[in-house]
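Remarks on the overall topology
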Amino acid sequence: MGENSLSPASITSDLETQFIGHKVIYYPRLTSTMEVARREARLGAVEGTVVIAGEQTAGRGRLRRVWLSPEGSLALSIILYPGLVYLPSLIMLASLAVVRSIEAVTGLKSQVKWPNDVLVNGRKVCGILIESDVQAGTVAYAIIGIGVNVNLRLSDFPEVLPLATSLSEELGRDVSLLSLIRRLLVEIEGLYLTLLAGGSIYEEWRDNLVTLGRKVRVESGKIRYEGIAESVARDGSLLLRHSNGNLTKIVAGDVTLGD
Ligand code: BTN
């Protein structure tokens, strides 16, 4: 089996987790792992079930954007059933797990662009989408979707240049998708268990943000803010200092980095 051949068994075998990735649903090609994961969650899939695609034909990004996900990229969704209090932390958890895994498998340092893009050398290498269904204050399910540009030649995708990069382009060689997926599942579980045990992952996430101290423009819904990204609150929101001294707390948005 080649380095990039994936199968549920190759992912689950001897995986050092307690529950994440014990059930893997793999499709060589599908529309979006989010769609399949949502269907599985509604059918009561066991917690930690992972849906993985070799290629997505209708990958979804944040803010209704399309997410390019050809062969060579990592595309997975993980089903969790957390308590409501843990929901805001899933963004931190996912981006931190990606940063840790990229470094462990490739040696590359990456950083988080608030709220949850992962950049290598200033370019986006990973996008994260969290979807949840909350009913009467209870989380019916949460799905963490992670897409990483692993073995891609970005010049084949001029529409995402110059803002994106891939691990193979940064390294000058291909990366084992299998190793990255397995490491990611281990890191996600470790961080999730830390949260459930009452621990904090906020400090590590904050320390990995590339955004803080930078001049930024933030689009949040129809509103556009400008200012210095001063800090992040424990619930993950961004605190933006305006030139008139006022502070705005932004819960969700799209950041463009300035100086
Ligand atoms: C973004 O940066 O806009 C988020 C991109 C999220 C992409 C991942 S790939 C796996 C999962 N399935 C999808 O359709 N989207 C997420």
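Residues numbered from 1 in each chain as written. Predicted model: local features only at pLDDT ≥ 70, side-chain atom pairs only at ≥ 80, totals over all residues. Heavy atoms only, no water.

Counting its regular elements, the protein chain contains six helices and twelve strands. Scaling as 2.2 N^0.38, a compact globule of 259 residues should have a C-alpha radius of gyration of about 18 Å, and the protein chain matches this with 18 Å. With the C-alpha coordinates of the protein chain rotated into their principal frame, the extents come out at 60 × 45 × 30 Å. Split into buried and exposed, the 259 residues of the protein chain put 52% on the buried side. (Helix = DSSP H or I, 4+ residues; strand = E, 2+ residues; numbered from the N terminus. Rg over C-alpha atoms; globule rule 2.2 N^0.38 Å. Buried < 20%, exposed > 50% of the residue type's maximum accessible area, 1.4 Å probe, protein only.)

Quick look at the pattern of salt bridges now. For the structure shown, the criterion picks out 19 salt bridges. In this structure, K109 and E103 form a salt bridge, with 2.6 Å as the shortest nitrogen-oxygen distance. On the basis of relative accessible area, E103 is assigned to the partly exposed category, the value being 33%. Measuring nitrogen to oxygen at the nearest pair gives 3.2 Å for the salt bridge that ties E219 to R224. Residue classification places R224 among the exposed positions, given a relative accessible area of 51%. Several salt bridges share partner residues, and in doing so they unite E35, R38, R60 and E131 into one network. (Salt bridge = Lys/Arg side-chain N within 4 Å of Asp/Glu carboxyl O.)

With that settled, consider the domain arrangement of the protein chain. Each assigned domain of the protein chain is listed with its residue range as follows: domain 1 (3–206) and domain 2 (212–257). Computed over C-alpha atoms only, the centres of domain 1 and domain 2 are separated by 25 Å. Counting residues at the interface gives 14 residues for domain 1, matched by 16 residues for domain 2. Contact between domain 1 and domain 2 buries roughly 1,100 Å² in total, counting both sides, with carbon and sulfur atoms accounting for 57%. By the criterion of area lost to domain 2, the three top residues of domain 1 are K113, W114 and Y202, representing 54% of everything that side buries. For the interface between domain 1 and domain 2, the tally reads three salt bridges. A salt bridge links R234 to E203; its shortest N-O distance comes to 3.1 Å. Linking domain 1 with domain 2 are seven residue pairs in polar contact (both at pLDDT 80 or more). (Domains from an automatic or database assignment. Contact = heavy atoms within 4.5 Å. Buried area = accessible area lost by both parts, 1.4 Å probe. Polar contact = N/O pair within 3.5 Å; in protein donor to acceptor, adjacent residues only side chain to side chain.)

Moving on, we come to the site of the ligand. The ligand sits among 20 residues. The nearest are S32, T33, R60, R62 and K124. R60 places a polar main-chain atom, nitrogen or oxygen, 2.6 Å from an oxygen atom of the ligand. Contacts to the ligand include K124, whose side-chain N or O atom sits 2.6 Å from an oxygen atom. Across the complex, the protein chains shield 98% of the 410 Å² of accessible surface that the ligand would expose by itself. Only α2 (33–42), β3 (74–80), β6 (123–135) and β7 (138–148) provide two or more residues apiece to the shell around the ligand. With four residues, β6 is the single largest residue contributor to the shell around the ligand. Residue classes in the shell around the ligand are distributed as seven nonpolar, nine polar and four charged. (Near = heavy atom within 4 Å. Areas by Shrake-Rupley, 256 points an atom, 1.4 Å probe, with all protein chains shown as cover. Nonpolar A, V, L, I, M, F, W, Y, C, P; charged D, E, K, R; others polar.)

Strands sit in the order β11-β10-β9-β8-β12 across an open sheet of five strands; the sheet is antiparallel. The outermost strands of the open sheet, each flanked by one partner alone, are β11 (247–250) and β12 (254–257). If you compare each strand with its neighbour and ignore which way they point, the axes differ by 45° on average. Inspection of the sheet shows strand β8 (residues 215–220) paired to β12 by four bridges, in the antiparallel sense. Each residue of the ladder has a partner; that of R217, found in β12, is T256. (Pairing = 2+ DSSP bridges. Axes fitted to C-alpha atoms, helices over the stretch in contact; angles between N-to-C directions.)

Glancing now at the packing of helix α3 (residues 89–106) against helix α5 (residues 177–196). One way to put it is that α3 packs onto α5 with a least axis distance of 8 Å and a crossing angle of 140°. Considering the angle they form, α3 stands oblique to α5. With respect to the hand of their crossing, α3 and α5 are arranged in right-handed fashion. Contact with α3, carried on its side by S89, L90, L93, L96, A97, V98, R100, S101, I102, A104 and V105, involves S179, L180, R183, L184, E187, I188, L191, Y192 and L195 of α5 and no other residues of that element. Per-class residue counts for the contact of α3 with α5 are 14 nonpolar, three polar and three charged. (Parallel < 35°, antiparallel > 145°, perpendicular 65-115°, else oblique. Left-handed = near helix turned anticlockwise from the far one by under 90°.)

Attention now moves to the environment of L185. One can find L185 in helix α5. Overall, L185 belongs to the buried group, its relative accessible area being 0%. When the C-alpha atoms of L185 and A9 are compared, they prove to be 14 Å apart, with 176 residues separating the residues in sequence. Non-local contacts of L185, meaning those with residues more than four positions away in its chain, are made with I11, L15, T17, I20, G21, V50 and I78.

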